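# Structural description and commentary
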Amino acid sequence: MENIYRPEFFNINEQDQRERYNNLLKKENIDVFDTISVQLEELIKIQNPDKRIKREEFNALIKMHLGDIELINYGVWVYYPWSNRIVHLLPEEEFIKVRTNRNRNKITNEEQSSLREKKIGVVGLSVGQSIALTMAMERICGTLRLADYDFVELSNLNRIRTGVHNLGISKTVLAAREISEIDPFIKVEVFSDGLHTDNIKEFITDNGGLDMMVEVCDNMETKVKSRVEARKYHVPVVMETNDRCMVDIERFDLEPDRPILHGRVTEKDAKNLSNLSDDERLDLVSRIVDGDQLSTRMKQSFGEIGKTLNAWPQLASSVTMGGGVVTEIVRRILLDDDIPSGRCYLDIEDILLNSLRK
């Protein structure tokens, strides 16, 4: 059960699926959530934005919409095995129409339809969990491919949105479950052993290949080698570090010969990562993040890693902001906005302490 992350769909108009559904209902501790009438009311309101429909009119309008189909048989029933919940939902097309309705017209119908075909890979599911969930909520893709080898630990809960009952769960499985509970029609694929030599090509190229890769992991080998592979297949990469909300954009789709990480890492570095000493590795990290540009408190923390700190400090507020910023950038690139390669900062501290005081 700890590795299950895909829900099960039932069309109970089909006899075999109806039998499976009825057998599930016999299990203990199954919770059934049926709000299909409310969902249909919302669909009807969306289909008639110029009308003010009275409460007493909805029953007749729902019957007209259903035709000969009984309410219980309409749409799909979705079973979430990790929580023993069954939820009655609209059919996929209507579900997506209603769920994304409040995106309009910040995202047009045509843009939403285009985004539905996109595949996005997220590498690193600490900071990446917030990014993946935000992209799923906004529905800027139809497929999310998630990679991380780690499990949820208590110290992660300062920035990963989950409960203590999920300690010990794979970070990829946790994120996949969260996404499917928001939108079970988004296809989620997990790489729970992280990215490595044997699977990195599959992660980037499988089933037509990624349209975008978001890299937000701590592992230097993965950070560098994933870019080398993404560049090989012309996949753009976006990275966000929650210190000063530093964002890197690498348009390998437009610049297939672009140096990785804006030239801060050489090809020699990329080949010899496993042979670097601790001091050389720290120097490489400093070059990648441009150590002189770190916030004051991060600079203070940088020298304490391995002494008084065992990892980079990260805050929920910054991680949440990063989810929004990366989603905005990724959406714009996928919709062919003119977003160039480069590095920028969206520094809240600078805005609060400097810009607002001028």
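We now turn to the structure provided with this report. (Residues numbered from 1 in each chain as written. Predicted model: local features only at pLDDT ≥ 70, side-chain atom pairs only at ≥ 80, totals over all residues. Heavy atoms only, no water.)

### As for the overall build of the protein
A tally of helices and strands in the protein yields 14 helices and 11 strands. Its C-alpha atoms give the protein a radius of gyration of 23 Å, near enough to 21 Å, the size a compact globule of 358 residues would have. For the protein, the spread of C-alpha atoms along the three principal axes comes to 70 × 50 × 40 Å. A buried classification covers 48% of the 358 residues belonging to the protein. For the protein, the share of sequence-separated contacts (at least 6 apart) that also reach a separation of at least 24 residues comes to 66%. Accessible area for the protein stands at about 19000 Å²; split by element, carbon and sulfur atoms hold 47% of it. (Helix = DSSP H or I, 4+ residues; strand = E, 2+ residues; numbered from the N terminus. Rg over C-alpha atoms; globule rule 2.2 N^0.38 Å. Buried < 20%, exposed > 50% of the residue type's maximum accessible area, 1.4 Å probe, protein only. Contact = heavy atoms within 4.5 Å. Areas by Shrake-Rupley, 256 points an atom, 1.4 Å probe, with all protein chains shown as cover.)

### Describing the sheet that holds strand E9 (residues 237-241)
With respect to topology, seven strands assemble into an open sheet ordered E7-E6-E5-E8-E9-E10-E11, the strand pairing being mixed. With partners counted over all chains shown, the strands left at the sheet margins are strand E7 (187-191) and strand E11 (342-345), one partner each. Across the sheet, the axes of successive neighbouring strands diverge by a mean angle of 15°, strand direction being ignored. This element, helix H13 (residues 316-334), spans strand E5 (119-123), strand E8 (212-215), E9 and strand E10 (246-250) of the sheet and lies at about 160° to E9. (Pairing = 2+ DSSP bridges. Axes fitted to C-alpha atoms, helices over the stretch in contact; angles between N-to-C directions.)

### Examining the side chain of Arg177
Looking at the secondary structure, you find Arg177 in helix H7 (residues 171-182). At 2.7 Å, the side chain of Arg177 forms a polar contact with the backbone oxygen of Ile4. (Polar contact = N/O pair within 3.5 Å; in protein donor to acceptor, adjacent residues only side chain to side chain.)

### Notes on the pairing of strand E3 (residues 76-80)
The element E3 is extensively covered by neighbouring structure, given that five of its five residues are classed as buried. Residue alternation in E3 divides its side chains into two sets, Val76, Val78 and Tyr80 and Trp77 and Tyr79, and both sets are buried. Bridging between strand E1 (residues 8-10) and E3 involves three bridges; their strand directions are antiparallel. Paired with Glu8 across the strands is Tyr79, a residue of E3. As paired elements, E3 and strand E4 (residues 85-89) share five bridges and run antiparallel to each other. The residue bridging Tyr79 from the neighbouring strand is Ile86, located in E4. Hairpin connection from E3 to E4: four residues lie between these consecutive antiparallel strands, with Asn84 at a positive phi of about 55°.

### Describing the pattern of salt bridges
Considering all chains together, one arrives at 26 salt bridges under this definition. For Glu92, the salt bridge goes to Arg116, with nearest N and O atoms at 3.4 Å. Taken together, the positions of Glu92 in helix H4 (residues 92-99) and Arg116 in the loop between helix H5 (109-115) and E5 put the pair 24 residues apart, joining distant regions of the chain. Given the relative accessible area of 26%, Arg116 is considered partly exposed. Each of the salt bridges in this network shares a partner with another, and the network as a whole consists of Glu138, Glu328, Arg331, Arg332 and Asp337. (Salt bridge = Lys/Arg side-chain N within 4 Å of Asp/Glu carboxyl O.)

### Let's talk about the nonpolar core
Among the nonpolar cores identified, the biggest contains 43 residues, and Ile120, Val122, Leu144, Leu146, Ile179, Val214 and Val330 are the most heavily contacted of them. Elements with a contribution of two residues or more to this core: E5, helix H6 (127-138), strand E6 (143-147), H7, E7, E8, E10 and H13. The residues touching Ile120, leaving out its near neighbours within four places in the chain, are Met135, Ile140, Cys141, Thr143, Leu144, Arg145, Leu210, Met212, Val214, Val330 and Leu334. Counting 31 residues, the second largest nonpolar core, distinct from the first, contains Leu276, Leu284, Val285 and Ile288. (Core = buried A, V, L, I, M, F, W, Y, C linked by side-chain atoms within 4.5 Å.)

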